[in-house]
Amino acid sequence: MTEIELLIDFHKNAKRQGPGSSEDTLKALSFISFKTRQPLKVADIGCGSGAQTIALAQNIEGQITAVDLFPEFLDKLNANSKELGLQDKITTLEKSMDDLPFTNEEFDIIWSEGAIYIIGFEEGVKKWKDYLKPGGYIALSEITWTTNSRPNDIEEHWNKEYPQIDSASNKIKIIEENGFSPVGYFYLPVSSWIDNYYQPIEERFDDFLKRHNNSELAKSIVDGEKEEIRKYIKYKDFFSYGFYIAKKI
Ligand SMILES: C[S@@+](CC[C@H](N)C(=O)[O-])C[C@H]1O[C@@H](n2cnc3c(N)ncnc32)[C@H](O)[C@@H]1O
């Protein structure tokens, strides 16, 4: 197996592939005023196995197109939505987020939790805006500095991993400069990282290593996850996922 295949194998049985919670999803949704526009057309980009897609489907009237590059995650989402009787509300689409087959002004809401970094925050805001109707909304979670200054160690780490990491005020500026009016911002609590993401990851380490006969590549993936968790615990006061909700002008 290649590294990417191993990573998919490691993450595909998880409820979520990034920090978050249904409460966070519904909190973001609460900033969106859609009374006049139901039923809604929603795109959930970089949906993974779709924990947030399911939460959305259970709380809106309308159709959600859930997009991911990897069919393994979409298969899980399809199985879950069927089990919950939500299959008529959720359609999955195996596509890259930089090559979406959407038309201009097709959607009421573009949702993306922990995934816009793949295309880049500003690039995504610019590109995805075209798919939104005027008055439509974006709801995006994105890694964000939560304080004005921070220790060098974590600053250097994130600047190397994702140089677009920034403060909420700078992310909101990007949103405003690209034709949106911000309607809400909050950052994810520690429980959305630890209880919902890192703890389940730790619980999968042993099985994953066993399944892959303790291969060097599998061990290096586990070591990488352990280091990420260690950094989060040490520096959690300085960064989180910010959730940005904004209306297309
Ligand atoms: C950090 S995960 C977030 C998943 C989910 N939204 C969540 O919060 O649990 C990022 C997701 O983006 C997907 N992804 C990676 N590259 C992609 C691309 N080019 N186009 C669409 N999705 C992509 C991954 O498969 C993964 O499911």
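None of the values given here were measured: they were computed from a predicted structure. (Residues numbered from 1 in each chain as written. Predicted model: local features only at pLDDT ≥ 70, side-chain atom pairs only at ≥ 80, totals over all residues. Heavy atoms only, no water.)

**Q** Please explain the overall build of the protein as it appears in this structure.
**A** Counting its regular elements, the protein contains nine helices and eight strands. Here the C-alpha atoms of the protein give a radius of gyration of 18 Å, agreeing with the 18 Å that 2.2 N^0.38 yields for 249 residues. With respect to the principal axes defined by its C-alpha atoms, the protein has extents near 55 × 45 × 30 Å. Counting across all 249 residues of the protein, residues that qualify as buried make up 49%. Here the analysis covers contacts within the protein between residues at least 6 apart in sequence; of these, 77% occur between residues at least 24 apart. Taken as a whole, the protein presents about 12,000 Å² of accessible surface, with 47% of it coming from carbon and sulfur. Taken together, the 30 basic and 41 acidic charged side chains of the protein have centroids lying 3 Å from each other. (Helix = DSSP H or I, 4+ residues; strand = E, 2+ residues; numbered from the N terminus. Rg over C-alpha atoms; globule rule 2.2 N^0.38 Å. Buried < 20%, exposed > 50% of the residue type's maximum accessible area, 1.4 Å probe, protein only. Contact = heavy atoms within 4.5 Å. Areas by Shrake-Rupley, 256 points an atom, 1.4 Å probe, with all protein chains shown as cover. Lys, Arg positive; Asp, Glu negative; His and termini not counted. Charge placed at Lys NZ, Arg CZ, Asp CG, Glu CD.)

**Q** In this structure, what is going on with the side chain of Glu106? I would like to understand it.
**A** Among the structural elements, Glu106 can be located in the loop between strand 3 (90-94) and strand 4 (107-113). Within polar-contact distance, the side chain of Glu106 engages the backbone nitrogen of Thr103 at 2.7 Å. Setting aside residues no more than four positions away along its own chain, Glu106 makes contact with Lys41, Tyr131 and Lys133. (Polar contact = N/O pair within 3.5 Å; in protein donor to acceptor, adjacent residues only side chain to side chain.)

**Q** I'm lost on the site of the ligand in this one. Help?
**A** Close contacts around the ligand come from 17 residues, with Gln17, Gly46, Asp68, Met97 and Glu113 the closest. At 2.9 Å from an oxygen atom of the ligand is found a main-chain nitrogen or oxygen belonging to Gln17. In this structure, an oxygen atom belonging to the ligand sits 2.6 Å away from a side-chain N or O atom of Asp68. When the ligand sits alone it has 600 Å² of accessible area, and the protein chains cover 90% of it. In terms of residue class, the shell around the ligand is built from six nonpolar, seven polar and four charged. (Near = heavy atom within 4 Å. Nonpolar A, V, L, I, M, F, W, Y, C, P; charged D, E, K, R; others polar.)

**Q** Before we go on, may I ask you to explain the pairing of strand 8 (residues 239-248) in this structure?
**A** Note on strand geometry: in a regular strand, side chains alternate between the two faces of the sheet. Counted residue by residue, strand 8 has nine buried out of 10 residues, so it is predominantly covered. Examined bridge by bridge, strand 7 (residues 180-187) and strand 8 share seven bridges and lie antiparallel to one another. What sits directly across from Ser181, in strand 8, is Lys247. (Pairing = 2+ DSSP bridges.)

**Q** Looking at this structure, how should I read unusual backbone geometry?
**A** Trans is the prevailing form of peptide bonds, just as negative phi is the prevailing case for residues other than glycine. Residue Asn213 is not a glycine yet carries a positive backbone phi of 50°. Looking at the secondary structure, you find Asn213 in the loop between helix 8 (190-211) and helix 9 (216-235). Under the relative-accessibility criterion, Asn213 is labelled exposed at 67%.

**Q** Explanation requested: helix 8 in the structure shown.
**A** Note: α-helices contain 3.6 residues per turn, so residues at a spacing of three or four share the same orientation. Its 22 residues place the ends of helix 8 30 Å apart at the C-alpha level, agreeing with the 32 Å of an ideal helix rising 1.5 Å per residue. Phe205 marks the point of greatest bend in helix 8, at about 40°. Considering only its buried residues, helix 8 is in contact with helix 1 (3-11), helix 2 (22-30), strand 5 (132-145), helix 9 and strand 8. (Expected span 1.5 Å × (residues − 1). Bend = angle between axes of the 7 residues up to and from the residue.)

**Q** For this particular structure, what's the right way to read the packing of aromatic side chains?
**A** Any pair of aromatic rings gets described here by the distance separating the centres and the angle formed by the planes. Under the definition given, this model contains 20 aromatic pairs. Between Phe121 and Tyr244, the aromatic rings sit 5.8 Å apart at their centres with planes inclined by 65°, giving edge-to-face as the arrangement. Taken together, the residues Phe121 in helix 5 (residues 121-129) and Tyr244 in strand 8 connect sequence positions 123 residues apart. Relative accessible area serves as the criterion here: at 1%, Tyr244 is assigned to the buried category. Cation over ring: Lys27 sits above Phe186, and NZ or CZ is 4.6 Å from the ring centre. The positively charged end of Lys41 is found above the aromatic ring belonging to Phe107, 5.1 Å away from the centroid. (Phe/Tyr/Trp six-rings, centres within 6.5 Å; stacked < 30°, edge-to-face > 60°. Lys NZ or Arg CZ within 6 Å of the ring centre and 35° of its normal.)

**Q** Is there a simple way to think about the environment of Tyr198 in this case?
**A** Its place among the elements puts Tyr198 in helix 8. Exposure remark for Tyr198: the relative accessible area of 3% places this residue in the buried category. Within the structure, Tyr198 has its side chain in polar contact with the side chain of Glu228 (distance 2.7 Å).

**Q** Quick question: what am I supposed to make of the packing of helix 8 against helix 9 here?
**A** The relative placement of two packed helices comes down to the angle between their axes together with the axis-to-axis distance. Contact geometry of helix 8 with helix 9 gives a least axis separation of 11 Å together with a crossing angle of 155°. Regarding the angle of helix 8 to helix 9, the classification is roughly antiparallel. Of the two possible hands of crossing, helix 8 and helix 9 adopt the one that is left-handed. Packed against helix 8, whose contacting residues are Val190, Trp193, Ile194, Tyr197, Tyr198, Ile201, Glu202, Phe205, Phe208 and Leu209, the element helix 9 presents Ala218, Lys219, Ile221, Val222, Glu225, Lys226, Glu228, Ile229, Tyr232 and Ile233 at the interface. A per-class count over the contact of helix 8 with helix 9 returns 15 nonpolar, no polar and five charged. (Axes fitted to C-alpha atoms, helices over the stretch in contact; angles between N-to-C directions. Parallel < 35°, antiparallel > 145°, perpendicular 65-115°, else oblique. Left-handed = near helix turned anticlockwise from the far one by under 90°.)

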